[in-house]
Each structure stands twice: as structure tokens, then as C-alpha cells.
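Examining the three-dimensional arrangement
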Amino acid sequence: MRAVDALMECLKAEGVDVVFGLPGGANLPTYDAFYDAGIRHILVRHEAGGGHAAEGYAKATGKVGVSLGTSGPGATNLVTPICDAMMDSVPVVFLTGQVRTELLGTDGFQEADTIGITMPIVKHSFMIQHPLELPRSLHEAFHIARTGRPGPVVVDIPQDLSRADIPYEPVTDVHLPGYQPTTDGNQKQIRLAAKALANANRPVIYAGGGVVNANAAGELTELVLSDRFPITCTVMGLGAFPAPHEQWLGMLGMHGTRAANYAMDEADLIVAIGARFDDRITGKLAEFAPRAKFIHIDIDPAEISKNVPAHIPIVGDAKNIVPRLTAEYRALAAEPSRLEEWWTRIRSWQERYPLGYEDSKDLEIKPQYMVQALYEATGGDAIVSSDVGQHQMWTAQYFHFNRPRRWINSGGLGTMGFGLPAAMGAKVGCPDETVVCVAGDGSVQMNMQELATCAQEGIAIKVFVMNNGYLGMVRQWQELFWDKRYSHVDMGQWPDFVKVAEAYGATGMRFEDKRTLVSDMKEALATEGPVLVDVRVTREENTYPMIPAGQPARDMVG
Amino acid sequence: MSVLGEPGTKEVLSLDELEAAGGLRTGRKHILSILVENKPGVLTRITGLFTRRGFNIDTLAVGPTDDETISRITLTLDGAKHPIDQVTKQLHKLVNVLKIRDLEPEETLARELALFKISADGAGRAEVMQICEIFRAKVVDVSKRSLVVEVTGTYSKIEAFERLVRPFGLIEMARTGEIAISRGRSET
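Residues numbered from 1 in each chain as written. Chains lettered and ligands numbered in written order. Predicted model: local features only at pLDDT ≥ 70, side-chain atom pairs only at ≥ 80, totals over all residues.

A closer look at the overall build of chain B
As a reminder of what qualifies: The helix and strand labels rest on DSSP assignments: H or I over at least four residues marks a helix, E over at least two residues marks a strand, and numbering proceeds from the N terminus. Around each residue's C-beta, the other C-beta atoms within 10 Å are counted; 20 or more make the residue buried, 12 or fewer make it exposed, and counts in between make it partly exposed. All C-beta atoms are placed from the backbone. Any residue pair is listed as a contact if its two C-beta atoms, each placed from the backbone, are within 7 Å.
In terms of regular secondary structure, chain B is built from five helices and nine strands. Put simply, chain B runs from its N terminus to its C terminus through helices and strands in the order α-β-α-β-β-α-β-β-α-β-β-α-β-β. Among the 188 residues that make up chain B, the fraction classed as buried is 23%. Considering only contacts within chain B whose residues lie at least 6 apart along the sequence, 72% involve residues at least 24 apart.

Some thoughts on the domain arrangement of chain B
Residues and elements named next belong to chain B. As a reminder of what qualifies: Domain delimitation in this document rests on an assignment produced automatically or drawn from a domain database. For this classification, Asp, Glu, Lys and Arg are treated as charged, while Ala, Val, Leu, Ile, Met, Phe, Trp, Tyr, Cys and Pro are nonpolar and the rest, including Gly, are polar.
When the domains of chain B are assigned, the result is domain 1 (24-103) and domain 2 (110-182). The straight-line distance from the C-alpha centre of domain 1 to that of domain 2 is 28 Å. Listing elements by their share of the side of domain 1 that touches domain 2, those giving two or more residues are strand S1 (29-37), strand S2 (57-64) and strand S3 (70-78). With three residues, the single largest contributor to the side of domain 1 that touches domain 2 is S2. For the side of domain 1 that touches domain 2, the class distribution of residues is four nonpolar, four polar and no charged.

With respect to unusual backbone geometry
All names here are of chain A. For the bond from alanine 243 to proline 244, the omega torsion is -10°, close enough to zero to count as cis. Across the junction of tyrosine 544 and proline 545, the peptide omega takes the value -5°, indicating a cis bond. For proline 545, the location among the structural elements is in the segment after strand S18 (531-536). Positive phi outside glycine occurs at aspartate 107, with the angle close to 60°. When the 8 C-beta atoms within 10 Å are taken as the criterion, aspartate 107 is described as exposed. The phi dihedral of serine 305 falls on the positive side, at around 60°, and the residue is not glycine. Summarising the element assignment, serine 305 is placed in the loop between strand S11 (293-298) and strand S12 (312-315).

Some thoughts on the packing of helix H3 (residues 47-61) of chain A against helix H18 (residues 419-429) of chain A
All names here are of chain A. Threshold: Axes here mean lines fitted to C-alpha atoms, for a helix over just the part in contact, with angles spanning 0 to 180 degrees between N-to-C directions. Small angles under 35 degrees read as roughly parallel and large ones over 145 as roughly antiparallel, with 65 to 115 read as roughly perpendicular and the rest as oblique. Each crossing is labelled by how the near helix is turned from the far one, with a counterclockwise turn of less than a right angle marking it left-handed and a clockwise turn marking it right-handed.
Taken N-terminus to C-terminus, the directions of H3 and H18 make an angle of 50°; their axes are 6 Å apart at the nearest point. What the angle tells us is that H3 and H18 run oblique. The two elements H3 and H18 cross, and the hand of that crossing is right-handed. Every residue of H18 that contacts H3 at Gly49, His52, Ala53, Ala54, Glu55, Gly56, Tyr57, Lys59, Ala60 and Thr61 is listed here: Pro421, Ala422, Ala423, Met424, Gly425, Ala426, Val428 and Gly429. Its residues assigned to classes, the contact of H3 with H18 comprises 10 nonpolar, six polar and two charged.

Re the domain arrangement of chain A
Residue and element names in this part refer to chain A. Taken domain by domain, chain A consists of domain 1 (3-162), domain 2 (187-352) and domain 3 (367-536). Distance from the C-alpha centre of domain 2 to the C-alpha centre of domain 3: 31 Å. Its residues placed into classes, the side of domain 2 that touches domain 3 shows 10 nonpolar, three polar and no charged.

Considerations on the pairing of S18(A)
Residues and elements named next belong to chain A. The test is simple: One bridge is not enough; two strands pair if DSSP finds at least two bridges between them.
Within S18, six of the six residues are buried, which leaves the element mostly enclosed by the surrounding structure. Along S18, one buried face is formed by Val531, Val533 and Val535 and the opposite face, lined by Leu532, Asp534 and Arg536, is buried too. Both strand S16 (residues 462-467) and S18 contribute to a ladder of six bridges, which runs parallel. Bridge assignment links lysine 462 to a residue of S18, and that residue is valine 531. Pairing geometry for strand S17 (residues 507-511) and S18, over five bridges, is parallel.

Considerations on the sheet that holds strand S7 (residues 203-207) of chain A
Residues and elements named next belong to chain A. Pairing is parallel across the open sheet formed by six strands, whose spatial order is S9-S8-S7-S10-S11-S12. Of all the strands in the sheet, just strand S9 (248-251) and S12 have a single pairing partner and so form its edges. Strand-to-strand twist across the sheet, computed as the mean angle between neighbouring axes with direction ignored, equals 15°. Two strands pair when backbone bridges link them, and S7 and strand S10 (residues 269-273) are joined in this way by five bridges, in the parallel orientation. Each residue of the ladder has a partner; that of alanine 207, found in S10, is isoleucine 273. Against the sheet, helix H9 (residues 187-199) engages S7, S10, S11 and S12, with an angle of about 135° to S12.

Okay, structure coming up:
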């Protein structure tokens, strides 16, 4: 059979039920194979939309997402999703077309060095050099994408090789001598960690997206509840512990709660699980958690002691390690009353500095209230994606995620335009769930074209644009740190989102009155098909609290 | 206090501050011996990683091993111990990298080959030959006005040779970069 038909067999063998892509010259053979392969293909309007959709699908389902583009511009359009998937450890296989082998290196039409361009931002990549390599490379790509610390894998397939007639035999094993992720945590280290926990008087558990990737939310929750451990999550980890809960401190970091950040600052022991001490978490590194010892659990050894030296490093899969840590800790029968004083301190911060904002005196919708209203309208039962900026932080703060894989956002790369296509992918993966996207009026315009895909495919996502007419987060920084010199952040009143939605074949709505917002949102959620709502909010509202960039956590403002 | 790269920091940075923040070439010399799968693009992946993490490779030598599917990359670099650990960990994450050793200088035999083209007319010639003798260097090409000399040895031996012959007129020089193997029976 043709190599591309073998490719289809491989995709089926990997359990792929849907792919997101856009055809072009170099991947015509692949698309010919898709014609009757029996794999659902969703035709996106821009490769970046397809890449983010595959990420949204992967984040919501835990399965490997698949995204396709042709050579040259098709592949370069995928660069942002590839980098995004790398930063947030999302398992996605990207299949790119390439020019015929005889044209390679000749600056042929639509030729780009896809492997070279993407090399620094992939977990691994394969340049197919012989058609017989294709099946094995594809299975290796899936294996690498989904195991260990997940990530993006690119498979670049020259057009002529994909047409070659090959004998196809199913590949049932992968052989990668240089790729052996450690999953099993070291027992001695785990025992040491349990002892440290039993001796700690001011412990904090700090969980990140790795817990979600490891499907270890249940295990994490058990650890937290094995004593009165305070727990905080990164923006990537939200949902790994069910919020709200009395042991839940809220998100930490630049726009986290004061309770979470102050607890980190005064902790004597921090247990980091699947988190990587990003600069948005630590603030000024030299003054980060100055009294704490660190237990660091991560599947990626390169994360251990990268930013913050770990006293007890444990390399492995959180799903393997965390329950063993819980068991070891329980066996020590530590005295729970030692945490009384710590909780008194934490409660005093929680009471003194709850998340809050000043509500408007008129009908105006405050952006924070918009998220609260959405939480109420959905009953908290929804998959929520977001773009990047103020709306993302407000959603992280005010929408309480009680399950993993329900909060889908671009944390590491901070990609504007991520939310709408990611919601589309999540909805395809979880068709029975309510999937909403909280978008920014700036961000949403970066991949709005995928509304056409949603209309064509009947993908019923509900997009709520938090419209303040600004690139809001940049405006906030200009206000706070650059003397209110608002340089190129005013987006004005364009476009008319209702008309845009209608033009794309979606339902467009506009909400401006806070009194009816919850019921209006319920109506939008009940409307069939894709819906895009223009929610007019306060123009100049700031996201607080905030650790000013490069400052220590205890200097939070707002 | 300067916080490099933070958009919230308004202060204009001086070039000195920028340089100080990027000053990674401070620690001792490291020799990394890296076994990799002999596949296209592997070297690019490795050198790309170094660039991305802000390291300068001092020397780099690539060649086959006793197993034709495996190549050995020997590279030397200067750096504080901590970031080098970070780089070896990152290198380990490359799928085509099989094994990495950060070789201890005392337990390592490191050698480099260098070719020197030295201008040697008249009186200087005999003296250059004498230096070659001391360094066990081999004259591999002779013309009326020049010599080409082959020297092998440690990095510092070749540096020393260069210092001594430079005054006679060093026309050009080519060096392979060090290759290394561990002492004793155990594999590098």
C-alpha cells in the first residue's frame, strides 16, 4: 500500500479518532488517504487554529492530539502551537508535509526547513528519509509525545516518499534506547520526604500542571487530606485539587491570592509536585520562600534544581510517587495539632485579604463579576478555555475548578488566540460537556476564523468575549509601571463581534447589563451551535492582587 | 536593582549590566563525552541546545565509535558547575543522546591534534625544529620558506607550542578540538 495509507493504519492503531488540519500541495497524498480512511478530519481555517485545537483536545481528554499542515507556510503557521505545547507539556503529534526529496535544499516552492525551525521547541522530531521508516517513526512519535513529560513531536514527510508503495506490517513495539523516562520514584527519597512532612510545622503543597498530566489529581487530593496540609496550585494545575475547599489557598504566583503567596513566603517546607518554579511563581528568585526546604517531585530530572535547589528531589511519575508518599506519611502518625498555629496564621491572611473588587454602582459589568456570573450560569460544570491576559487571570481567580482537565489555557508561552480553537478541540474531544471560552477582545481576534470551522462542523462552543476595548494586561502594566503612557493598547470598538459571529454562521449576542447577566448567559449556553457573546465590561480595571515583576511575594499590591 | 528582561522594569540598562548578567564563562573547563545515535540532525540538536541555554562551546569533535550506529561527540566548555549540570540534564532529554559523561580532569586522557604552518626561512628554521623535537612534533611538509608541523597532546601542550613558535611567524593553524577517554578499564 502507499506510505500514506500505512500512515492511516498507524493513526488508527494509535486510537486516533480525530485530527485537525489543512491540506496543501505537499500533503496532497496524505489528504487523498484521508478521503476514505474513516478517520474524522476537521478542516480548520488556519493551521495555528488546528494546532491549538489539537492541544485543547489533548488537554481535555488526556489523549494525544494530532494536527496537520502542509510544507512551508503550513508548517511555519504551526510553530506557535508547537512551542505552546512544548511550554505546557501537551502531547500533540504534528504531521507536516514537505517538498519532494529532489527539491530539498533548493528553495523549492513552499519549502521551509521545518525540522530546523522547530528543533528548539519540540520534544522530538522525525524527518522521514525513506518511506519504510514512516510507520515506525509515527509510532515512536506517539510514544514520545504521550510518555514521560508529554510534549510535541513533529513528523515531516516529503511528498514523494508519502506516495511510495511499501509493504505494511503493523508495528507493535518501539525501540528508543536513548529515551527511557524514569517513572518509579526512589523509595528512600519518598521516605525522607514523608519524614520531612511529619516534621514540618509550616508546610505547603504546591502543585502544577504535571499533576494533571499524570492523571494524579485523586492521589494529590488524598495526600492533601491525609493531614491538614495547605494546598495551592499554579495556573496550570488548577483543578488538580477540588476548589473551593477549606485547605485550598487559591492559586499562587503573580496574580495568586495573598494567602497562597504569603504561605509560600513563610513556609518551612514546600512540596512541589509537577511544578517548575516559573518566574511568575517565584517573583524575585533570591527572596523566594527564604525559610523553606524543598521537596521536588517531577518526571523531568532537568526541572529539579533548575531554578530553586531541591533538598529532597524525587524523579518520577506523580501517580506513582504521591500515593507512596501518602502511605509513608500516614505510617508516621504525625501530630496534626502541630499545624494549628500555621492555620491560624493562614486564616488571618484569608480573612484580611480575600479576593475582591469594588462592584460598579450602575449597570456596568465588572470583568470579575463576568467570571462569577459564568460560574453561576454553568453551575461550575463546564470545560473553560481562555486566551491570555487579564481575563485569563480573572477566570483563574474566580472560576473554581473542582476537577482536572476542565481549565484549558496557555500558561507557559502565553499565547493570545489560544482560547477559541482550544475550546473547539476540547468540545470535539468531550462532545457531551459544556465548553466555554473566556476570551479577550484582543486575543480572540487572533484565531477568530475558527468560528467558521465550528459552524461547519456543528461544534457548539460558547465564547464569551470580555470586551474592554483594550489590550488590557499591557494597558495595566503601562498604567502601573510606565507612567500611564498608553502606547498602542486601545483597540477601540472594532470589530462588531455580533456581526462577526453572524457572518461566520454562529449566533452573536451582546450583554451590557449586570442585572440580567446570569440569565443572559444561561440563554447563550442553551442556544444551539456555536455562540459568540460580546460582553461589555469596565474599560480600565486592573487585575489584583499582583506581585510586581521581579519583586518578592510579600510585596504584593492591590 | 536591575531585573533583566522584565517588562515592568523601566530603567534603561547599561551595556555593562547586560554583560554581567550574561557572564556564564566563569568556572572550570569541562569535557563532555556524549554518545549519540548516528542519525542526521543529531549534532544540530546538541549544538542548538547549547546556544539556547546560553553556553559557548570551546571545542567540538565528532567521530565514529567501535559501533557504527553510534558516534561520540567530545566537547569542551567553560562554565560554573551548576549550569553545566543543567545542560547535561537537558542533553539527556534529547531522544538521540544515549550517554553523557562530564569527565573528571584527573581521570581523563584528553588529546588534540593540531597543524601549524610556520614561516621558517634562514636562521629561525633550526630553532623551530628544535622546539618541534622537544614537543615531539612532526614536520609533515617542508618548503623553502615554511614548515607544516603536526602536534598532538593536551590542550595546554598545544597552547604552549603555539606560544613558542608564534614569534617565528605563525602563518596559520588548524586544531581538531580535544577527544577524551577515561583512564582504567571501565568505559568512558
